[in-house]
Amino acid sequence: MNSVVVGQRWISHNEAHLGLGMVQSVEGRRMEIYFPAVNESRHYAIENAPVSRIAYQAGDHITDMDDVAYQVVEVNEQQGLLIYQCEDVDGNPHTLAELHLNCFVQFNAPDKRLLNGQLDKEDSYQLRYDTFLQLDRLSRSPVSGLLGSRVELLPHQLYIAHEVAKRQAPRVLLADEVGLGKTIEAGMILHQQLHTGQASRVLILVPDSLVHQWLVEMLRRFNLHFALFDQSRFETLSQEPDIDLDTGKQVNPFEMEQLIICSFDGLMRHPEMQSKLKQTQWDLLVVDEAHHLHWNPDDQSESSDKEPDPKEIDHKENDHKESDHNESLDITSVSSLPTGDDYKLVESLGQQAAGLLLLTATPEQAGIESHFARLRLLDPDRFHDLQAFKNEASLYTEHQSLITLLTSDDDVAVADIKPLLAELPQLLSEIHSEQQLTAEEKQTILDRLIDQHGTGRVLFRNTRSAMDNFPERQLHAYPMPCPEIYTPDDDEPMNIGFAGLTPEVELVPDVWLPRDPRVEWLEQKLSELKSEKLLVIAHHASTALALQQYFQKKHALRCTSFHEGLSLFERDRAAAYFADREDGAQVLFCSEIGSEGRNFQFAHHMIFFDLPNNPDLVEQRIGRLDRIGQTQTINIHVPYLTGSSQEVLFRFYNDGLNLFEKSFSAGYSVFEHYQSQLQLCMTELTDLPDELIAATQQTVADIKKQMEQGRDRLLELNSCRQPQADHLVEQVEKEEQANRLASYFERLLEEFGVEQEDHSSLSWVIRPSDQMKHAYFPGLKEDGNTVTLDRLKALSRDDIEFLTWEHPMVVESMDMMVKGDAGNAAMTTISVKGLKPGTLLLESYYTLETIAPKHLQLQRYLSLKPLRLLIDVNGKDLSAVVSHDALNGLSQPLKRKVGRQVIAQMKSQVQHVIDKSEKHAAKHIDDLKLSAKSKMKADLQAELVRLKELQKTNPSIREDEITAMEQRIKHCDYYIDKASLQMQGLKLVVAS
Ligand SMILES: Nc1ncnc2c1ncn2[C@@H]1O[C@H](COP(=O)(O)OP(=O)(O)OP(=O)(O)O)[C@@H](O)[C@H]1O
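Residues numbered from 1 in each chain as written. Predicted model: local features only at pLDDT ≥ 70, side-chain atom pairs only at ≥ 80, totals over all residues.

## Observations regarding the overall build of the protein
Thought 1: Within the protein one finds 32 helices and 30 strands.
Thought 2: Computed over the C-alpha atoms, the radius of gyration of the protein is 33 Å, within 12% of the 30 Å expected from 2.2 N^0.38 for a compact globule of 992 residues.
Thought 3: Referenced to the eigenvectors of the C-alpha coordinate spread, the extents of the protein come out at roughly 110 × 75 × 55 Å.
Thought 4: Taking the contacts inside the protein whose residues are at least 6 apart along the sequence as the reference set, 72% of them involve residues at least 24 apart. (Helix = DSSP H or I, 4+ residues; strand = E, 2+ residues; numbered from the N terminus. Rg over C-alpha atoms; globule rule 2.2 N^0.38 Å. Contact = placed C-beta atoms within 7 Å.)

This is the structure:
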């Protein structure tokens, strides 16, 4: 490679869309190239960089920064930089340094290749043309970004993903009930945002115990390769840092990867990691299990950006661990806990990140304050006043009758609806009928109501009740006498209050294991259910561990344990051992941490060795089995000690809340309501009064009714509007086109010389071959890959890769096809009556191209559909007379050697017909730009108007969303104006 000098102009082979770059700095064996067209820089090792220097020669056409065109007359070099002596269109001389060349240029040159006789095979030519057609279809698809996930197509998930992902920098709370697929929804949103270029840097923060599961889900289901950042990786990167060539400073380790998963617990233990993280910028921040974030309205004034004091952290770290650990034991203190450092950290990172996704199945687990706290992270301007929020929340119940009417299948009289709109006069204008509302009017009013629903736009919550196909839950209760060990004569009784739920922790295992009747009962149950997998959950790690050791030793039971005392790796190993169907553990003994986020739906029996003192944790525990993918009735076994607080709480949960057999998401608020009476009975070991049970049942019934009709009904409608959701599933199925992808992909493999062997229907084994066109084919492994296009097969066979139009292998190879020059110049003969032998025709096709930042998604408006022309030597356009397919049918192959000879003889005629073709194409450019602009405006302007309209009544529309949309329209307009026609392929046709 010649010497690299600052100011030289280079292009990237892999990323042609970056335009013409400029060497920005050279340091040792590395260089930085800045690409002004997209305002991005890249660092390369000089030796093997996939870039080339651009040096024009006399005769070439070039343009300067202001788009003025010149022809090069002579080229000189000064200190490693090229100086072009050129002429403008009027023949005036100009000197243009390479530094001033236009950055908006691309380097596909089918005309040059054709004239030089570099002819491609007909198949390559057709494949290239078809690739443009496919890319055009995919980029305009309303479900673009949602095709590539290895998931069952579930309407509620697709609906949320589609709604959220189409937003610029989405900030939402994904709060579906336990096990309905929040991780999957988040993955779909990430995939869509990354695929369409809306986001490129993503940080996911998850509890320790879920790090591995997230890594695997992101990779397996969405082909997203996240890097795991734990303490040891952070420290290694900090010790061997990359140096920024510009500043000479160490590169922040969090800047070294684009997609990072980080253990939240680990992060909280490491002040330096936190401080480095706060210096980075993210397009999207995802926080799982966000209900752990504590916020106290009374310490709002504390600065979230304050650097943590390491001593304070050490101290608070213990608090944090404690509070997590004890959360369910001391629920009364949750709302009085100080705002957690974890909350402050998310607040600080969330302010810097453009988008924020918070995930929790139990948004109101610790009351409305903590729910508000999370909404506040999403949009602090909107959610700044807790009292106003509380008032607003109660307002929605007032629209119950209106919502009931609008969602009923019955006819609705205008006279009935108008009085209900008295408080919402702006919606009256939607009614045009005189007698009965039409179906459209009903829908429009409902839509507007939902749009204006304050939390509706930021909060998505699907519930089981709104879905079919969830398995039954069956409770098996086992009362047994409380043993004397828990009621010693000479000491305080251990069977009372919240402590009485787990009395065994006060004793050593050797004492309680042989005497606690739950253990003996468990022995029987395990032998009864020998052929079943069993998940046993105990609140404390010490209990889970003691049980595991006891059963392993005494019964040689195939079992393992999962608790906070294990390392991340050990926990994953335990979960995998339990999941193994053939040689795995029969029983997993799990502490409370196992009740969060993990997927154990392959088991159908679970044992509550004790009861948690928070009803949301009951739901969390059951949610390990009661989740998507569960195929059988879930058996919930609950042993409890009579004459202890366990009996009291069991009765409250079962008789009062009916918590075991039916999912009930508002359990915590009812629990909180009756907590003092309940606590009294648990402490004094008195029976729960029947009136209390009856009152609890009534409260539950009232809340359920309210949820069905009021606020939650709106929320539910917003979270999944059924007709649209079903339509999305249909659209994905339609766009998926596995058969079409199969035949297209086979041609692509052929083109790149990749070997393929049939595996089963719609599935192949593909391998590198000696005929490979390039050494590289995206994602191809040395010993081959087994791939399928069949979604069902992919869902049941983890070992097979699921290929879709959005799989990286397909996306990248299509990109290689259109960015390279393969197939862009061909020649053929036709023999048609009336066409004189020797007559020349030229088929050409163009696309409107501009070099613009990817996040603008201009491809949605600049159609990739080729503008096709068929021109004869007189410049007549025959494209309407002979279509591309018809021409194809008439074409006969021509030996390339012969083709080259013909072109050499007829070079000036060929040049002439190319020029004619260019002139014809140029006539279309204004129309194409106009159509691109009108498509863009119809889309974005309409969304802007909608946002502005909504903002008048819905304060959750943020001002920056509106500004961002206005900017986006302005930028799109600018880049469409910059667009030029790019010749993408030429086929010379000679009549014989
Ligand atoms: N569309 C889908 N296709 C196939 N499997 C799915 C789909 N959606 C969810 N699952 C599976 O269902 C289980 C639950 O999904 P997920 O973990 O996303 O739920 P969640 O709402 O995040 O659960 P939790 O509330 O426990 O955190 C997982 O095993 C997931 O892989």
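## Things to note about the site of the ligand
Thought 1: Close to the ligand lie 19 residues; Val-151, Glu-152, Gly-181, Thr-183 and Ile-628 are nearest.
Thought 2: Looking at which element gives the most residues to the shell around the ligand, the answer is helix 4 (residues 182–195), with three residues.
Thought 3: Residue composition of the shell around the ligand, grouped by class: seven nonpolar, eight polar and four charged. (Near = placed C-beta within 6 Å. Nonpolar A, V, L, I, M, F, W, Y, C, P; charged D, E, K, R; others polar.)

## Looking at the environment of Val-164
Thought 1: For Val-164, the location among the structural elements is in helix 3 (residues 155–165).
Thought 2: Each residue touching Val-164, except ones within four places of it in the same chain, is listed here: Pro-170, Val-172 and Ile-189.

## Observations concerning the packing of helix 21 (residues 645–656) against helix 22 (residues 667–684)
For any two helices packed against each other, one specifies the crossing angle of their axes together with the interaxial distance.
Thought 1: Between helix 21 and helix 22, whose axes approach to 8 Å, the crossing angle comes to 150°. Relative to helix 22, helix 21 is oriented roughly antiparallel. Both helix 21 and helix 22 take part in a crossing whose hand is right-handed. Residue-level contacts link Ser-645, Val-648, Leu-649 and Phe-652 of helix 21 to Leu-678, Cys-681 and Met-682 of helix 22. (Axes fitted to C-alpha atoms, helices over the stretch in contact; angles between N-to-C directions. Parallel < 35°, antiparallel > 145°, perpendicular 65-115°, else oblique. Left-handed = near helix turned anticlockwise from the far one by under 90°.)

## Quick look at the domain arrangement of the protein
Thought 1: Looking at the assigned domains, one finds that the protein contains domain 1 (9–107), domain 2 (125–133 + 822–991), domain 3 (151–382), domain 4 (396–454), domain 5 (471–644) and domain 6 (738–804).
Thought 2: Between the C-alpha centres of domain 1 and domain 2 the distance comes to 25 Å.
Thought 3: Listed by partner, the interface residues are six residues for domain 1 and five residues for domain 2. (Domains from an automatic or database assignment.)

## Comments concerning the confidence of the model for the protein
Detailed conclusions should not be drawn from predicted coordinates in areas where pLDDT is low.
Thought 1: Scored by pLDDT, the protein has a mean of 85; 90% of the residues are at 70 or more.
Thought 2: Low pLDDT, under 50, characterises residues 301–335; the stretch is placed with 38 contacts to residues that sit more than four places away or in other chains.
Thought 3: Overall fold confidence for the complex sits at a pTM of 0.77, while the interface term, ipTM, reaches 0.98. (pLDDT = per-residue confidence, 0-100.)

## A word on the sheet that holds strand 30 (residues 980–991)
Strand pairing in a sheet relies on backbone hydrogen bonds, with the paired strands running either antiparallel or parallel.
Thought 1: Strand order in the open sheet made by the four strands is 27-30-28-29, with mixed pairing throughout. Looking at strand neighbours, the two that pair on one side only are strand 27 (825–830) and strand 29 (867–872), the edges of this open sheet. Strand-to-strand twist across the sheet, computed as the mean angle between neighbouring axes with direction ignored, equals 25°.
Thought 2: Docked against the sheet, helix 2 (residues 122–140) engages strand 27, strand 28 (840–849) and strand 30, running at close to 145° with respect to strand 30. (Pairing = 2+ DSSP bridges.)

## Regarding helix 17 (residues 517–528)
Thought 1: For helix 17, spanning 12 residues, the distance from its first C-alpha to its last is 17 Å, which sits close to the expected 16 Å at 1.5 Å a residue.
Thought 2: The set of residues buried in helix 17 consists of Arg-518, Val-519 and Leu-522. The buried residues of helix 17 occupy an angular sector of 95° when projected down its axis, which confines them to one face. Exposed side chains of helix 17 directed beyond 90 degrees from the buried face belong to Gln-524, Ser-527 and Glu-528. (Expected span 1.5 Å × (residues − 1). Buried ≥ 20, exposed ≤ 12 C-beta atoms within 10 Å, placed from the backbone. Arc of directions from axis to C-beta.)

## A look at the packing of helix 4 against helix 5 (residues 211–222)
Thought 1: For the pair helix 4 and helix 5, interaxial distance at closest approach is 10 Å and the crossing angle is 55°. In this view, helix 4 runs oblique relative to helix 5, as classed from their interaxial angle. Pair helix 4 / helix 5 crosses with right-handed handedness. Of the residues in helix 5, those touching helix 4 at Thr-183, Ile-184, Gly-187, Leu-190 and His-191 are Trp-214, Glu-217, Met-218, Arg-221 and Phe-222.

## Describing unusual backbone geometry
Thought 1: For Asn-223, which is not glycine, the phi dihedral falls at a positive 55°.
Thought 2: Secondary-structure assignment places Asn-223 in the loop between helix 5 and strand 12 (227–229).
Thought 3: Of note in the backbone geometry, Leu-685 takes a positive phi value of approximately 55° without being a glycine.
Thought 4: Looking at the secondary structure, you find Leu-685 in the loop between helix 22 and helix 23 (690–709).
Thought 5: On the basis of neighbour counts, which here come to 17 C-beta atoms within 10 Å, the residue Leu-685 falls in the partly exposed class.

## What about helix 20 (residues 615–623)?
Thought 1: Counting buried positions along helix 20 gives nine out of nine residues, so the element sits mostly inside the fold.
Thought 2: Where helix 20 is concerned, the buried positions are Pro-615, Asp-616, Leu-617, Val-618, Glu-619, Gln-620, Arg-621, Ile-622 and Gly-623.
Thought 3: Those residues of helix 20 that are buried lie in contact with strand 17 (473–481), strand 18 (534–537), strand 21 (605–608), strand 22 (634–642), helix 21 and helix 22.

## A closer look at the UniProt feature "binding site: ATP" (unreviewed entry) in the protein
Thought 1: Sequence positions flagged by UniProt for "binding site: ATP" (unreviewed entry) are, in local numbering, Asp-176, Glu-177, Val-178, Gly-179, Leu-180, Gly-181, Lys-182 and Thr-183.
Thought 2: Considering the arrangement of structural elements, one finds Gly-181 in the loop between strand 10 (171–174) and helix 4.
Thought 3: Under the C-beta neighbour-count criterion, Gly-181 is labelled buried, with 23 such atoms within 10 Å.
Thought 4: Sequence-distant contacts of Gly-181, defined by excluding residues within four places in its chain, comprise Leu-154, Gln-157, Asp-176 and Ile-628.
Thought 5: Examined against the element boundaries, Lys-182 turns out to sit in helix 4.
Thought 6: On the neighbour-count criterion, Lys-182 (27 C-beta atoms within 10 Å) is buried.
Thought 7: Each residue touching Lys-182, except ones within four places of it in the same chain, is listed here: Leu-174, Asp-176, Leu-359 and Ala-361. (UniProt positions renumbered as here; feature names shortened; annotations may be inferred.)

## Focus on the pairing of strand 7 (residues 69–78)
Thought 1: Little of strand 7 sits inside the fold, with one of its 10 residues counted as buried.
Thought 2: Examined bridge by bridge, strand 6 (residues 61–63) and strand 7 share three bridges and lie antiparallel to one another. Bridging from a neighbouring strand, Ile-62 pairs with Tyr-70 of strand 7.
Thought 3: Bridge count for strand 7 against strand 8 (residues 81–87) is seven bridges, and the pairing is antiparallel. Counted as the bridge partner of Glu-74 is Gln-85 from strand 8.

## Overview of the sheet that holds strand 6
Thought 1: Read from one edge to the other, the open sheet built from four strands follows the order 6-7-8-9, with strand pairing classed as antiparallel. In this open sheet, the two strands that pair with only one neighbour each are strand 6 and strand 9 (93–97). Within this sheet the neighbouring strands show an average axis-to-axis angle of 50°, counted without direction.

## Some remarks on the pairing of strand 10
Thought 1: Covered by surrounding structure in strand 10 are Arg-171 and Leu-173 together with Val-172 and Leu-174, the residues of both alternating faces.
Thought 2: Two strands pair when backbone bridges link them, and strand 10 and strand 15 (residues 355–359) are joined in this way by four bridges, in the parallel orientation. Across the sheet, residue Leu-174 finds its bridge partner in strand 15, namely Leu-359.

## Describing the environment of Ser-433
Thought 1: Inspection of the secondary structure assignment puts Ser-433 in the loop between helix 14 (414–420) and helix 15 (439–452).
Thought 2: Note: C-alpha distance between Ser-433 and His-225 (208 residues apart in sequence) is 54 Å.
Thought 3: Apart from the residues within four sequence positions on either side, Ser-433 is in contact with Val-414, Thr-438 and Glu-441.

## Points about the environment of Glu-619
Thought 1: For Glu-619, the position within the fold is in helix 20.
Thought 2: Since 25 C-beta atoms lie within 10 Å of it, Glu-619 is described here as buried.
Thought 3: Discounting chain neighbours no more than four positions away, the residues touching Glu-619 are Val-178, Ser-663 and Gly-667.

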